[in-house]
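If you want the building blocks of each chain, they are given just below.
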Amino acid sequence: MEKENRTIPMRNEQEMYQLFLDIANNDDRILAVYMNGSRTNKNAPKDIFQDYDIVYVVEKTADFINDLLWITQFGDIMYMQYPDESPDYPNDKENFYGWLMQFKDGIRVDLHVESTEHALQNIEKDKLCQILLDKKGILPLIGEPTDQQYWVQKPTAEQYTACCNEFWWCSNNIAKGLWRKEIPYVQDMANYVVRKQLEKMLSWKIGYMTDYQVSVGKSAKYMYRWLSGEEYQLYLDTYFGGRVDEAWKSVMLMCDLFENTALWVAEHSGYIYNQDEGKAARAFLVHIRNLPPDSTEI
């Protein structure tokens, strides 16, 4: 007989906040609680995948790190990560330590404990912080959470020129990678180098359109809010899979979108777009695209 599938009810926001506060109020070692991240950002879309970024300001982080059962009071954990235990990244366990937890009911909590000294030095640096509890008034008064520090910044002429140069110069690497059929290298170069310049240029266009008073989000994920449907779809079409012919098509679309956007930004910002550079880089791409696989010279 098949076991009956049972869905664990997902705790709501009010229940979670009450849990965070109850845990803090019942533990004398916890002095204050604050939250940051998307849940304090009024401009971030609300959905079921939003996690809770919670920080407990404590007397000694070691008391919590060494208590293996302490985190179990937050719920039934499905799986988790201890980022500060990774041998590949630096840590400062005495001042800041975290547990990233996915619970069986769908809730995710990115939980940290932080020393008082560390909190006082850093809490005002993140303008999305919201204090939930301060038992002894140890934390400074902070303003309402705002994403202003993440707003698109108007580029200088030098930044604009550098962005264009980086895009076109590194397209050279994509070209040789595609000729060699080295798709992993091409993907890295396209997405972690060249695409970042395209994101930057599109962000500057959005910044100009909004008087530089918006954030496009991590990886420019909110660009769809301001770009036209056609323009945003063109951006999505610049992503490609593992086929060389598909990649070439998307790369050329990426060039079209970058150049058109760069010209728009130049026109509205009074900057100069180096058309000779763009034409030369694009010509090289087309040449390499048509270069036979057994060529002995470029």
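Predicted model only: the values in this text are computed from it and were never measured.

(A) Structural context of the overall build of the protein. Scanning the protein from terminus to terminus reveals eight helices and six strands. The globule rule puts the C-alpha radius of gyration for 298 residues at 19 Å, and the 24 Å found for the protein is more than 25% above it. Taking the principal axes of its C-alpha atoms as reference, the protein extends roughly 70 × 60 × 35 Å. Within the protein, the proportion of its 298 residues that are buried is 43%. Across the protein, every contact between residues at least 6 apart in sequence was considered, and the portion connecting residues at least 24 apart equals 62%. Working note: accessible area of the protein is about 17300 Å², and carbon and sulfur atoms make up 50% of it. Once the 31 positive and 46 negative side-chain charges of the protein are each reduced to a mean point, those two points are 3 Å apart.

(B) Spatial organisation of the nonpolar core. Tyr160, Met201 and Phe258 are the most contacted members of the largest nonpolar core, which has 45 residues in total. Here this core takes eleven residues from helix H7 (residues 244-269), the largest share from any one element. With sequence-adjacent residues up to four places away left out, Met201 is seen in contact with Tyr160, Cys163, Cys164, Phe258, Thr261, Ala262 and Val265.

(C) Spatial organisation of the confidence of the model for the protein. Mean pLDDT for the protein: 96, with 98% of residues reaching 70 or above. Across residues 1-5, confidence stays below pLDDT 50; counting only partners more than four residues off in sequence or on other chains, it has zero contacts.

(D) Main features of unusual backbone geometry. Located in the positive-phi region is Lys181, a residue other than glycine, with phi close to 65°. Mapped onto the secondary structure, Lys181 falls in the loop between helix H4 (157-179) and helix H5 (183-209). Even without a glycine there, the phi angle at Tyr212 is positive, about 55°. Examined against the element boundaries, Tyr212 turns out to sit in the loop between H5 and helix H6 (229-236). Residue Tyr212 is classed as buried on the basis of its relative accessible area of 15%.

(E) Seen up close, the layout of surface pockets. Each pocket or cavity is described by its volume, and for the largest pocket that value is around 740 Å³. Gly37, Ser38, Ala44, Lys221 and Tyr222 are the residues nearest the centre of the largest pocket, which is lined by 26 residues in total. Broken down by class, the residue content of the lining of the largest pocket amounts to nine nonpolar, nine polar and eight charged.

(F) Seen up close, H5. With 27 residues, H5 extends 36 Å from end C-alpha to end C-alpha; this agrees with the ideal 39 Å at 1.5 Å per step. The largest bend in H5 is about 45°, located at Arg195. Taken from the residues just after H5, Asp211 is the one with a positive phi, measuring 60°.

(G) Quick look at the pattern of salt bridges. Taken as a whole, this structure holds 13 salt bridges when the rule is applied. Arg108 is the salt-bridge partner of Asp51, the closest N and O atoms lying 3.6 Å from each other. Remark: Arg108 occurs in strand S5 (residues 108-115) and Asp51 occurs in the loop between strand S1 (30-36) and strand S2 (52-58); sequence separation between them is 57 residues. Asp51 gets classed as buried once you look at its relative accessible area, which sits at 15%. In this structure Arg108 comes out as partly exposed when scored by relative accessible area, which is 33%. With a closest N to O distance of 3.9 Å, Arg180 and Glu182 form a salt bridge.

(H) Region of interest: the pairing of S1. For S1, the tally of buried residues reaches seven of seven residues, placing the bulk of the element in the interior. Pairing geometry for S1 and S2, over six bridges, is antiparallel. Note that in S2 the partner of Met35 across the bridge is Ile54. Relative to strand S6 (residues 130-134), S1 runs antiparallel, the two being bridged by four bridges. Paired with Ala32 across the two strands is Asp134, which belongs to S6.

Definitions and cut-offs
- Residues numbered from 1 in each chain as written.
- Predicted model: local features only at pLDDT ≥ 70, side-chain atom pairs only at ≥ 80, totals over all residues.
- Heavy atoms only, no water.
- Helix = DSSP H or I, 4+ residues; strand = E, 2+ residues; numbered from the N terminus.
- Rg over C-alpha atoms; globule rule 2.2 N^0.38 Å.
- Buried < 20%, exposed > 50% of the residue type's maximum accessible area, 1.4 Å probe, protein only.
- Contact = heavy atoms within 4.5 Å.
- Areas by Shrake-Rupley, 256 points an atom, 1.4 Å probe, with all protein chains shown as cover.
- Lys, Arg positive; Asp, Glu negative; His and termini not counted.
- Charge placed at Lys NZ, Arg CZ, Asp CG, Glu CD.
- Core = buried A, V, L, I, M, F, W, Y, C linked by side-chain atoms within 4.5 Å.
- pLDDT = per-residue confidence, 0-100.
- 1 Å grid on protein atoms, 1.4 Å probe; cavity = no way out; pocket = protein on both sides within 12 Å on 5 of 7 lines; lining within 4 Å.
- Points joined across faces, edges and corners; volume = space filled by probe spheres on them.
- Nonpolar A, V, L, I, M, F, W, Y, C, P; charged D, E, K, R; others polar.
- Expected span 1.5 Å × (residues − 1).
- Bend = angle between axes of the 7 residues up to and from the residue.
- Salt bridge = Lys/Arg side-chain N within 4 Å of Asp/Glu carboxyl O.
- Pairing = 2+ DSSP bridges.

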